[in-house]
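Coordinates in review
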Amino acid sequence: MNATTRSLSRWLLLSAFAIQPSAALADGGTVRLSQRQGGYRITVFTEPTPFRAGPVDVSALVQDARTGRPVPDARVTVRAALQDRPGEAIVHPATVEAATNKLFRAALFEVPEPGWWEIEVAVEGERGLARVSFEVEAAEAVPRWWALWPWLGWPALAVLLFGIHQVLVGRKGPTRPAHTREP
Amino acid sequence: MGSTLDAFLCSWPGLDPWLLAGLLLTGAVYLRGWLRLRQSGGRRWGGGQLAAFLGGLAALFLALASPIESFAALFLQAHMVQHLLLMMVVPPLLWLAAPLLPLLRGLPRPVRTYWIAPLFRSPPLRRLFERLTHPVTALILFVLATWLWHAPPIYDLALRSSGWHYLQHACFLGTALLFWYPVVRPYPIRPRWSPWLLLPCLLLADVQNTALSALFTFSDRPLYAYYAEVPKLGGSAVDDQQAAGVIMWVPGTLAFLLPLFGIGLQLLFGQGSGVRGQGSGVRSQKSGPLPRRISLPLVRPSLTPDPRPLTPGFDLLRVPLLGRFLRWRHARVALQVPLALLAGVLVYDGLCGPQVGAMNLAGVLPWIHWRGLLILTLLALGNLFCLACPFLLPRTLARTFLPAGRAWPRWLRSKWLAVLLLVLFLWAYEAFSLWDSPWWTAWLVLGYFAAAFVVDSFFRGAAFCKYLCPIGQFNFVQSLVSPLEVKVRDPQVCAGCHTRDCVRGRDGIPGCELHLYQPRKSGNMDCTLCLDCVHACPHDNLAVSATTPGRDLWTDPTRSGVGPFARRTDLAALVLVLVFGAFANAAGMVGPILQWRDGIEAQVGQGCGLLLTTAFYVLALVVLPLLTVGAAAGLSRRWGRLHGSWLEVATRYSFALVPLGFGMWLAHYSFHFLTSYDTAVPTAQRFALDLGWTGPGEPVWLGSCCRPVAEWLPRLEILFLDLGLLLSLYAGYRLSLARSLGQWRALKALLPWALVMVLLFAAGVWIVLQPMQMRGTLGG
């Protein structure tokens, strides 16, 4: 890849980054559990709320159980499996890079189908290995177009605002420049 | 806390494009208006106002897109800072900038005069604004929003749901803007109420703030279940809540009491104590919170064309270096030569290189890059491809030897032949998989060069461009929504000009070969942007300047060289082929359609592929447009009681569909370009290696195969369709208003067309959401 291509790639990546909307409650959402385990206090959040099949965010805040300070060097892994098929698990590392709030570690992955899921968060660090788990019911995934509803729906809002504008200004017709005419 | 602070400083949320674009655009409009007001001698407009406005926008950015937002889910105190910024910092700063006049002045004149000015004159809107900005109403709304959203169940709801969270912020900001408006009284407000009223209002605002802060500070249990659940980094949820209470109490009190004392002093001792605005005098005045007449040049709608000479707006020909280059007589040839060389390389590789589309320059450059760049350029600038068209270079260079003395046959002087060629081209692309055949692509390019040369050798008047070239027709139609247009700078100069060099040419410089006489030219139809008129004009009276995209769709003067659109059925047919062709071309590449086609082939036999493609294109490009447009025209004419024949109505309204078709082409071609742009690199490396040049290195074909589609891309595609739909609806509405008696009938006339547009839009969204064949890549 030459310099021009790299430069172009960078620009396109930057453009992609600029167009990517941020989640309003990244690393927030619903607190699923907050408990002491081993030498840690582990708190797990999930998004979206309510929990649905499709793209999800499982974030963990790992603290020293004694002092309450965040543990920066812990490795966190999220394992998700359907309750009736425990052998087919999705394993995903949770990283600081994927988290917006850099105190958290976030795993962004796809929950493929609805049902009861068991989600286990494993923490490995200087204070040893700790695992916490919880069960959560994933509702049906929203259709793809539903996830894009703001992008599909805003023209309707624009039409509504335009209608209000027309009513407010009580315009009978557009003011047209004199040189234009309809034959 | 060191690691926590580090984490805080690094926790910038991803940039929200809407927020960022909104802030940048607002800032730019204000800056433009502020500069213009200063240039026009307004001594009122100082640096303080600009600083206040930009500071307000920066505070808004900090509140919504900084680590404060990231930590608001963990700490109530961070959330409180966010809300204080939204309610006590952003609104006063924005109003201190007296934004009304600069924002108005910064808007483009058409927006200001046609959209904003009527709102200022609207009595219901003026009354509503007057009531909302009355200090008592504003205070009630402000207090209601503050207390309601701090009620524990509602606050918890906002913490758990992003939608409610957005609504909460919008309520806080909106009510705070209303509350601070009468307090700051930005110029040129002239309040009808007594300024003494502000004193109890500010006092009451402080009292309620103190009461709410005290609730937070002195409560011995967490008020919000959410913050009780989330872990704390030292301290408890109650500690966090108390800190939030103090944050609300102290700065909040200062925010209310400082203006209270300032206004009180000013009222007691006269001017000069920091109360702003023309309404800052003790005596109440009569005009109301919105000035009825701000300044005539600002909002007066022009009922007649702008008197020229205009202060020219943007003019591409006046851009440093680029403008100078474009005004150079040989600029076109200078642009054509490299493209012609590239076309030569492409033809060579297409004929001699590997016959795999994704590995051949003839399979990659025209079908991924050129198409994508062409449509993006049409969107951003205009018909620049025709300006740099390489196919015309041979005939341009050989002009002195070419007789070109014959006139194009009269019976062919329409777009019907071009329509036929365009349909054939769209059909052949699919039927013979041109995108996957470098050999055929190379011959297509050669054929283009030959056709342009032969036709223009015999016939004068750029006959090939005007009557034959499918690419040209595509560009002419799509450039109706482009933002640039060749225009006369000063009509008075043209009125006094008798040589008409822009059409006839002078001193060896050709005039417009397409006979577009500039003083009567309107829009981009048939304009190749060759700039011959610019070079030929002895008065330097032509500009490539900004125009309202799509304006020509709803205005219909007798255009030079084109005539009125309402009488050009051939042009309407061209438009319909391009609009429906956009959807058909994209639909031919999506999973369900390909599966359906494969299924039929499996049942009937492999030989029926060509027949299927033909049937599909006849249906999509002929039958469907005839049925839908025919029915819409009939219903529109009947419901809206439109004058004119059915054909005339169908012809005129067809042009309103152009933006929607443009949106689909844009969505489709930009998809292929943005997902496969780097296929050119290994292909070029392969080409170089074939020629024995090892400098560019070995091709890595990874980039040519199966790149996953970025999540933002479908959103971008839908955005293009959204904009196309809105502009189409607006064009249809303006056409209906021009042809109907009254607004109600206009809406009835529009209804069938709106239905067609919405159906096309839905089809476009469906196509965008399907898996798309990645043509031009090794995975395609």
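Computed from a prediction, not measured in an experiment: that's the story for all the values here.

Regarding the overall build of chain A
- Across its full length, chain A carries 3 helices and 8 strands.
- For chain A, the sequential pattern of α-helices and β-strands runs α-β-β-β-β-β-β-β-β-α-α.
- For chain A, the proportion of its 183 residues judged to be buried stands at 41%.
- In chain A, the share of contacts with a sequence separation of at least 24, taken over all contacts with a separation of at least 6, comes to 52%.
- Carbon and sulfur atoms form 58% of the exposed surface of chain A, whose accessible area is close to 9,600 Å².

Details of the overall build of chain B
- On a plain count of helices and strands, chain B comes out with 36 helices and 2 strands.
- The principal-axis extents of the C-alpha atoms in chain B amount to approximately 90 × 65 × 60 Å.
- In chain B, buried positions account for 55% of the 780 residues.
- A separation of at least 24 residues holds for 79% of the contacts in chain B among residues at least 6 apart in sequence.
- With the model as given, the accessible surface of chain B reaches about 33,000 Å², and the carbon-plus-sulfur share is 69%.
- In chain B, 63 side chains carry a positive charge and 36 a negative one; their mean positions are 17 Å apart.

As for a nonpolar patch on the surface
- Together, B:Val618, B:Leu619, B:Val622, B:Val623, B:Leu626 and B:Leu627 make up an exposed nonpolar region whose accessible area comes to about 530 Å².
- Note on B:Val622: relative accessible area 38%, which makes it partly exposed.

Observations regarding the pattern of salt bridges
Residues and elements named next belong to chain B.
- Counted under the stated rule, the structure contains 21 salt bridges over all chains.
- A salt bridge links Arg489 to Asp315; the shortest N-O distance between them is 3.1 Å. Here the residue Arg489 occupies a position in the loop between strand E1 (484-488) and helix H25 (491-495), and Asp315 occupies one in the loop between helix H15 (296-299) and helix H16 (322-327), the gap between them amounting to 174 residues.
- Of the charged contacts, one joins Arg568 and Asp570 as a salt bridge, the two residues approaching to 2.8 Å between their closest N and O atoms.
- Since its relative accessible area comes to 15%, Arg568 is described here as buried.
- For Asp570, a relative accessible area of 6% gives the class buried.

Concerning empty space enclosed by the protein
Residues and elements named next belong to chain B.
- Per the counting criterion, the structure on display carries 10 cavities of 30 Å³ or more.
- Within this model, the largest cavity holds a volume of roughly 240 Å³.
- Trp370, Phe425, Ile471, Phe474 and Tyr669 are the residues nearest the centre of the largest cavity, which is lined by 16 residues in total.
- Secondary-structure elements contributing two or more residues to the lining of the largest cavity are helix H18 (361-380), helix H21 (416-431), helix H24 (470-478), helix H29 (569-587) and helix H33 (658-676).
- Here the lining of the largest cavity is built from residues that sort into 14 nonpolar, 1 polar and 1 charged.
- Looking at the second largest cavity, its volume works out to about 120 Å³.

Focus: the sheet that holds strand E1 (residues 30-37) of chain A
Residue and element names in this part refer to chain A.
- The strand order across the open sheet built from 4 strands is E1-E2-E3-E6, with neighbouring strands paired in antiparallel fashion. Because the sheet does not close on itself, it has two edges, and the strands there are E1 and strand E6 (105-111). Each adjacent strand pair in this sheet contributes to an overall mean axis angle of 20 degrees, direction not counted.
- Examined bridge by bridge, E1 and strand E2 (residues 40-47) share 7 bridges and lie antiparallel to one another. Opposite Leu33, over in E2, you have Val44 as the bridge partner.

A short note on the packing of aromatic side chains
All names here are of chain B.
- Following the criterion strictly, the structure yields 41 aromatic pairs over all chains and no others.
- With 5.2 Å between their ring centres and 85 degrees between their planes, Phe179 and Trp180 make a pair best called edge-to-face.
- The buried category is assigned to Phe179, whose relative accessible area is 2%.
- Between Trp180 and Phe256, the ring centres sit 5.9 Å apart and the planes meet at 5 degrees, which makes this aromatic pair stacked. With Trp180 in helix H11 (residues 162-184) and Phe256 in helix H14 (residues 237-269), this residue pair connects regions lying 76 residues apart in the sequence. Each member of the pair, Trp180 as well as Phe256, carries the same accessibility label: buried.

Considerations on the environment of B:Gly523
- Here B:Gly523 is to be found in the loop between helix H26 (501-504) and helix H27 (532-536).
- Discounting chain neighbours no more than four positions away, the residues touching B:Gly523 are B:Glu485 and B:Asp552.

A short note on helix H22 (residues 438-458) of chain B
Residue and element names in this part refer to chain B.
- Taking 1.5 Å per residue as the helical rise, H22 with its 21 residues ought to reach 30 Å, and the 31 Å between its terminal C-alpha atoms agrees with that figure.
- Along H22, the residues that are buried comprise Pro438, Thr441, Ala442, Val445, Tyr448, Phe449, Ala452, Val455, Asp456 and Ser457.
- In this structure, the buried side of H22 is in contact with helix H17 (331-352), H18, helix H20 (393-397), helix H23 (463-468) and H24.

A short note on helix H5 (residues 76-96) of chain B
Residues and elements named next belong to chain B.
- Look at H5: 29 Å from first C-alpha to last across 21 residues, which is about the 30 Å you get at 1.5 Å a residue.
- At Leu85, H5 shows its maximal kink, close to 35 degrees.
- With 16 of 21 residues buried, H5 lies mostly within the body of the structure.

Cut-offs used in this document
- Chains are numbered independently. Their residues run from 1 in the order of the written sequence.
- Chain letters and ligand numbers both follow the written order, the letters beginning at A and the numbers at 1.
- Note on the predicted model: pLDDT of at least 70 is required for a residue's local features to be given, and 80 or more for side-chain atom pairs to be given and counted; whole-chain, interface and lining totals, by contrast, use all residues.
- Each side-chain value is worked out from all heavy atoms of the structure, with water and hydrogens disregarded.
- Numbering goes from the N terminus for both helices and strands, where a helix is a DSSP run of H or I of at least four residues and a strand is a run of E of at least two.
- Throughout, exposure labels follow a simple rule: accessible area from a 1.4 Å probe, protein chains only, divided by the maximum for the residue type, with under 20% read as buried, over 50% as exposed, and the rest as partly exposed.
- The contact definition used throughout considers only heavy atoms, calling two residues in contact when any of these lie within 4.5 Å.
- Here the Shrake-Rupley method, with its probe set to 1.4 Å, supplies the accessible areas, and only the displayed protein chains count as covering residues.
- In summary, the charge assignment counts Lys and Arg as positive and Asp and Glu as negative, without counting His or the chain termini.
- Working definition for charges: the position is that of NZ of Lys, CZ of Arg, CG of Asp or CD of Glu.
- Grouping into patches uses exposed residues only, defined as over 30% relative accessible area, and leaves out salt-bridged ones; the cut-off is 9 Å for like charges and 5 Å for nonpolar side chains (Val, Leu, Ile, Met, Phe, Trp, Tyr).
- Every case where a carboxyl oxygen of Asp or Glu lies within 4 Å of a side-chain nitrogen of Lys or Arg is listed as a salt bridge.
- Here the term cavity refers to a set of points on a 1 Å grid, laid over the protein atoms alone, in which a 1.4 Å probe fits but cannot get out; the term pocket refers to an open set having protein on both sides within 12 Å along at least five of seven lines, with lining residues being those that place an atom within 4 Å of a point.
- Grid points are joined across faces, edges and corners, and a volume is the space filled by probe spheres set on the points.
- By the convention adopted, Pro, Cys, Tyr, Trp, Phe, Met, Ile, Leu, Val and Ala count as nonpolar, Lys, Arg, Asp and Glu as charged, and the other residues, Gly among them, as polar.
- Any two strands with at least two DSSP-identified bridges between them are counted as paired.
- To define axes, lines are fitted to C-alpha atoms, for helices over the stretch in contact only, and angles between the resulting N-to-C directions are given on a 0 to 180 degree scale.
- Two aromatic rings from Phe, Tyr or Trp, using only the six-membered ring of Trp, form a pair when their centres are within 6.5 Å; if the ring planes differ by under 30 degrees the pair is stacked, by over 60 it is edge-to-face, and anything between is tilted.
- One fewer than the residue count of a helix, multiplied by 1.5 Å, yields its expected span.
- A residue's bend is simply the angle between two axes: one fitted to the seven residues ending at it, one to the seven starting at it.

Keep in mind these values describe shape, not function.
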